[in-house]
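# Structural overview for review
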Amino acid sequence: MIVENDGYIELIQYLTGQLPLFSDQSAQEKTADYTLRDLMEEKLSMSMMAVFEQNELSQEQRLDIVRETDAIVYDLEEVLSKVLDTHPTSEQEAFIDEFVGLVKNLFDEHLREYRV
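Counting starts from 1 at the beginning of each chain's written sequence and moves along it residue by residue. Reporting of local features is limited, given that this is a predicted model, to residues whose pLDDT is at least 70; pairs of side-chain atoms are given and counted only at 80 or more, and all residues count toward the totals for whole chains, interfaces and linings. Heavy atoms from the whole structure form the basis of all side-chain values; hydrogens and water molecules are not counted.

As annotated in an unreviewed UniProt entry, the protein chain carries the name DUF3802 domain-containing protein and comes from Idiomarina piscisalsi.

## Some remarks on the overall build of the protein chain
Selection criterion: Under the scheme used here, helices are H or I runs from DSSP no shorter than 4 residues and strands are E runs no shorter than 2 residues, and both carry numbers assigned from the N terminus. Put simply, the radius of gyration uses C-alpha atoms, and a globule should come to 2.2 Å times the residue count raised to 0.38.
Summing up its helical and strand segments, the protein chain has five helices and zero strands in all. Along the protein chain, helices (α) and strands (β) appear in the sequence α-α-α-α-α when read from the amino end. Computed over C-alpha atoms, the radius of gyration of the protein chain comes to 15 Å, within 12% of the 13 Å expected from 2.2 N^0.38 for 116 residues, which places it in the range of a compact globule. The C-alpha extent of the protein chain, read off along each of the three principal axes, is 50 × 25 × 20 Å.

## Some points on the confidence of the model for the protein chain
Rules: The quantity called pLDDT is the predictor's confidence in a given residue, expressed from 0 to 100.
Averaged over the protein chain, the pLDDT score is 89; the fraction of residues at 70 or greater is 92%. Here helix H2 (residues 20-23) stands out as the element of the protein chain with the lowest mean pLDDT, 90, in contrast to helix H3 (residues 36-54), whose mean of 94 is the highest.

## Some thoughts on the pattern of salt bridges
Our working definition: One side-chain nitrogen of Lys or Arg within 4 Å of one carboxyl oxygen of Asp or Glu is enough to make a salt bridge. Only protein chains enter the accessibility calculation, which uses a 1.4 Å probe; a residue is then buried when its area is under 20% of its type maximum, exposed when over 50%, and partly exposed in between.
A full pass over the atoms with the stated rule returns six salt bridges. A salt bridge links Glu77 to Arg37; the shortest N-O distance between them is 3.3 Å. Here Glu77, found in helix H4 (residues 59-79), pairs with Arg37, found in helix H3; they are 40 residues apart in sequence, far enough to count as distant. Given a relative accessible area of 23%, Glu77 falls into the partly exposed group.

Okay, here's the thing in structure tokens:
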């Protein structure tokens with residue numbers, strides 16, 4: 001579905017380009033009592049629920065999206081493994097919001113193409 005397309009590869013490259021945002025945890029002000037892992041999982045699950053609500057999907061399509069989301073979480077955990085259990089800063093939260101929004105856009109675009 002999306003994890004093998006060019007848009008997703010570019011999105012992962014964008015994520016790796018933003019690693020300095022996550023590198024110096026000691027100098028950044030923490031504003032959350034939850035971890036970066038919690039934030040990512042929550043945002044992705046909310047985004048995927050929106051995909052389900054906004055589209056009429058078969059059970060097979062829903063399962064494909066869940067599998068894809070699991071692959072995305074795995075990729076995020078690989079790239080951000082050293083900071084997943086830290087508390088995110090407001091800048092990191094903003095980036096995660098943006099990143100998850102871009103992931104949702106990839107799903108929306110794929111589903112739009114599928115219907116056409």
